[in-house]
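Understanding the architecture of this molecule
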Amino acid sequence: MHLLNKVTTVFQGQEFYIAIELPNRSLQQAKICCDWRLKSLLTGYEHLLEQRLQQSTTLAGFMEELKTIVERVGQDGDMSPASVASPRFYSHLLEELAEVGWERLSFIDANFRWLHLEAKDSCDRRHVLKIHLHEQHPEVAPDCVTELPLPFHFISTGSNSLKNLFSQFKQCLEQYKEFWDAMDEIDSSTWVLEPEKPTRSATVRRIALVNNASLQIEVNPVQPTVLPKCTFLGADHVTSPLKGNLCKNLHHWRSAVSLLDNLQNVLEVTFPSPANTKKEDLSVECGICYAYRLAGCVPELTCDDSRCCQTYHRDCLYEWLRSDPTSRLSFNMVFGECPYCSKPITMKAPNK
Amino acid sequence: MQRTARMKRELQQLEQSPPHGVSCWMKNDSIEQLEAQIVGPTGTPYEGGIFQLEIDVPERYPFEPPKIRFVTPVYHPNIDNAGRICLDSLKMPPKGAWKPALNISTLLTSIHLLLSEANPDDPLMTDIATEFQSNRQLFEKHAREWTDKYAPSQSQDKENQPPKEKTEINDKASTSDNIFTSNKASTSNEMSGKHTHAEQQTHAKKIKLG
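An unreviewed UniProt entry annotates chain B as Ubiquitin-conjugating enzyme E2 T originating from Ridgeia piscesae.

Per an unreviewed UniProt entry, chain A carries the name E3 ubiquitin-protein ligase FANCL and comes from Ridgeia piscesae.

1. Thoughts on the overall build of chain A
In terms of regular secondary structure, chain A is built from 9 helices and 16 strands. Put simply, chain A has 352 residues, and 42% of those count as buried. A separation of at least 24 residues holds for 45% of the contacts in chain A among residues at least 6 apart in sequence.

2. Looking at the sheet that holds strand β15 (residues 333-337) of chain A
All names here are of chain A. Ordered by their spatial adjacency, 3 strands build an open sheet running β14-β15-β16, and the pairing between neighbours is antiparallel. Because the sheet does not close on itself, it has two edges, and the strands there are β14 (328-330) and β16 (344-348). Sheet twist, expressed as the average angle between the axes of neighbouring strands with direction ignored, equals 25°. Relative to β16, β15 runs antiparallel, the two sharing 5 bridges.

3. Observations concerning the sheet that holds strand β11 (residues 229-233) of chain A
Residue and element names in this part refer to chain A. The antiparallel open sheet is built from 4 strands, whose spatial order is β8-β9-β10-β11. Edge strands, defined here as strands with exactly one partner in the open sheet, are β8 (192-194) and β11. Between one strand axis and the next, the sheet turns through 30° on average, direction left out of account. Across 5 bridges, strand β9 (residues 204-208) lies against strand β10 (residues 214-218) in antiparallel orientation.

4. Examining unusual backbone geometry
Going from Y61 of chain B to P62 of chain B, the amide bond is cis rather than trans, its omega being 5°. In the segment running from P93 of chain B into P94 of chain B, the intervening peptide bond is cis, with an omega of 5°. Looking at the element boundaries, P94 of chain B is found in the loop between β4 (67-70) and α2 (104-116). At Y290 of chain A, a residue that is not glycine, the phi angle is positive and equals roughly 65°. Structurally, the position occupied by Y290 of chain A is in the loop between α8 (259-267) and β12 (301-302).

5. Some words on the pattern of salt bridges
Under the definition given, this model contains 21 salt bridges over all chains. In this structure, the salt-bridge partner of D305 of chain A is K343 of chain A, at a minimum N-O distance of 3.8 Å. One end of the pair, D305 of chain A, is in the loop between β12 and β13 (311-312); the other, K343 of chain A, is in the loop between β15 and β16, with 38 residues separating them in the sequence. Note that R6 of chain B and E10 of chain B form a salt bridge whose closest N and O atoms lie 2.9 Å from each other. Here R6 of chain B and its partner E10 of chain B are both found in helix α1 (residues 2-16), 4 residues apart, which amounts to about one turn of the helix.

6. With respect to the UniProt feature "active site" (unreviewed entry) in chain B
Residue and element names in this part refer to chain B. With numbering aligned to this structure, UniProt lists the feature "active site" (unreviewed entry) at C86. In this fold, C86 is placed in the loop between β4 and α2. Look at C86 and you get buried, because its relative accessible area is 12%. Residues within four places of C86 in sequence aside, it is in contact with N78, K91, L114, D122 and L124.

Here is what the cut-offs are and how they apply
- Residues numbered from 1 in each chain as written.
- Chains lettered and ligands numbered in written order.
- Predicted model: local features only at pLDDT ≥ 70, side-chain atom pairs only at ≥ 80, totals over all residues.
- Heavy atoms only, no water.
- Helix = DSSP H or I, 4+ residues; strand = E, 2+ residues; numbered from the N terminus.
- Buried < 20%, exposed > 50% of the residue type's maximum accessible area, 1.4 Å probe, protein only.
- Contact = heavy atoms within 4.5 Å.
- Pairing = 2+ DSSP bridges.
- Axes fitted to C-alpha atoms, helices over the stretch in contact; angles between N-to-C directions.
- Salt bridge = Lys/Arg side-chain N within 4 Å of Asp/Glu carboxyl O.
- UniProt positions renumbered as here; feature names shortened; annotations may be inferred.

Structure follows, in structure tokens:
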């Protein structure tokens, strides 16, 4: 006669079901079946269990021992979330993916927790929605990572299904259509110095102007046609007329015209474009290391002399001025000479 | 960090658009050591010669100047027996005038120019400088002799290869001593003594021919 005893043990809020089979009503030959989580937790402690079984006289006594072991093991080892979910999770996921369309799935990790879904907006731009499924999916809403200019918030309207999530994402893409149209125009018609490879979420562009100057704009992704935040970089005599034009022509800004055209109209300049200039012609590289990008930095400092306009990386110019005994440091400002034209040049000492 | 980025561009430029009369290349596929050749400027006693140079690019380049020296002996007020060159752009400020706006190409051009226009007011070789100022003809004669002997272009005499060993540079030094002050010849060893003797003979021949 077999005695089948089903017990529950609770540890740190986790419940484990175990079944103990006693073939001869003796604890010595007991067979313990348990849930895989408990099993993985107890792996390596089999000898301890056997020992306790031999020593225990009653089933209740053994259960007490088992509880102690589990608690101790739980403290030593980690109670990390399971890497394998219930079969329901997978069957449900398969159904959901079929609903969304398998062709949308561009990546899925080995645990079926991370998946990437691809969407194309009405302008044929590719977008990726990275989804992290919760263990209790679909009861708990999944986490999302997107390349949208503003954070994407999934509003669970009763259902956490992937289909629902994906359609919200696609709707969201259409909101940014104008923004991406504007940015794409800038990326293709001007020399964007920074970021090197703009992502879909990047709202900032540093556009090359003539004479080593550049214009940094920060575009509002919700209202891309309004005047962006503008910062001019470069020698004063190049940038101050542009600043003047900007103030003077502000009322000429038309929201019906594209961002690029508006900028060019208001500043009264034509940005150098890949169609008519080479990037090297803009000679934006640093006069000291001869590189444009050095350790992720781009030349930010420019000699103010109108005939020189040489650009430098902050680190390069600082290191030279530090090596040059004729330059001096006072109140965190370095005063020296431009290595090219020997006119006075000043810079802030980097905070290191 | 800066050195690597910069040398990459400089070598590219030296290859694609070398300055007049100058060529420069990597010695052992390393940006730390370069070799260069300067063609003797026309209208000078160095005409027809090809002068070999060695360039060491220090770790802190371009915050420090490169070290450039002649491997080929040159008879010049601003170039010493060991090939060291007296040029202010090769030294750090405040004494020198090195700045990162200069580069290996511009320095080699300056050295090329130094061959045509010596600066006897800031000499490394006082004897040669004095000669340069007091007896220009004699100076030019000596300089041409050295050019023919040590820096012949490949089409010319192949026996007189540029000396590579230090001993030969010393040898050259003793030779120069002999030319100006014959009493110093007694201090040189037997070997160089013989050599100098031969030198003096050829020297005499040339004077006769001249």
